[in-house]
Amino acid sequence: RDQWIQDTVQNMHSSSSNDNDLLLIAASTVVQRIRDLVLQRTGYTISAGIASNKTLSKLVSGLYKPNQQTLCRDGHAAEFLSTMPLRDMNGFGGKLGDGLMERYRIVHVGDLAQYSTNQLEEMVGRVLGGRSEEARQNTAHWIHDTCRG
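Residues numbered from 1 in each chain as written. Predicted model: local features only at pLDDT ≥ 70, side-chain atom pairs only at ≥ 80, totals over all residues. Heavy atoms only, no water.

Participant: Which residues make up the pattern of salt bridges, and what values go with them?
Facilitator: Applying the stated rule across the entire model yields 3 salt bridges. A salt bridge links Arg-73 to Asp-21; its shortest N-O distance comes to 3.2 Å. Of this pair, Arg-73 sits in the loop between strand 2 (69–71) and helix 4 (74–82) while Asp-21 is found in helix 2 (residues 19–42), placing the two residues 52 residues apart along the sequence. On the accessibility criterion, Arg-73 (16% relative accessible area) is buried. Its relative accessible area of 2% is what places Asp-21 among the buried residues. Among the ionic pairs, Arg-126 bridges to Glu-122, the shortest N-O distance being 3.9 Å. Linking Arg-126 with Glu-122, this pair stays in helix 6 (residues 117–128), spanning 4 residues, or about one helical turn. (Salt bridge = Lys/Arg side-chain N within 4 Å of Asp/Glu carboxyl O. Helix = DSSP H or I, 4+ residues; strand = E, 2+ residues; numbered from the N terminus. Buried < 20%, exposed > 50% of the residue type's maximum accessible area, 1.4 Å probe, protein only.)

Here it is in structure tokens:
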């Protein structure tokens, strides 16, 4: 494990990375210690996802179960989301997900990244109908941020 951390930090110096990546590596070390303690004290294994936000952490934690830990660096979030089916992302079920898939042929979460917040607001208005302007704006901002990780 310590060798993995050293190798990862070394590789970061030769690739495009940022300070947040170092924080994610530090978090991954802490999470591994927690996982080790849970196993030691309870006998249970757990999986974990480490990313820059809760939603992405939850998504990547399910990639390699059981008893695995997945780190998603900031630069890899867009790539990860580009192939994630829209239905697999919490919040895109029901009328919103159906409307985006049917009306705009959105298949993957990353497909939404091509749209500006204003375009997304118009799309939300067409898909969800009678929402207030504030609700459309909030939903559009949420989609904009979510599809970019």
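Resuming the write-up.
Participant: Break down the nonpolar core for me, with residues and values.
Facilitator: Core analysis: the biggest nonpolar cluster contains 27 residues, and Leu-56, Leu-81, Phe-92, Leu-100, Leu-112 and Ile-143 have the highest contact counts within it. Elements represented by at least two residues in this core include exactly helix 3 (54–61), helix 4, helix 5 (94–104), helix 6 and helix 7 (133–146). The element that contributes the greatest number of residues to this core is helix 6, accounting for 5 residues. If near-sequence neighbours (up to four positions away) are discounted, Leu-100 is found in contact with Leu-86, Phe-92, Arg-105, Ile-106, Leu-112, Met-123, Val-127 and Ile-143. (Core = buried A, V, L, I, M, F, W, Y, C linked by side-chain atoms within 4.5 Å. Contact = heavy atoms within 4.5 Å.)

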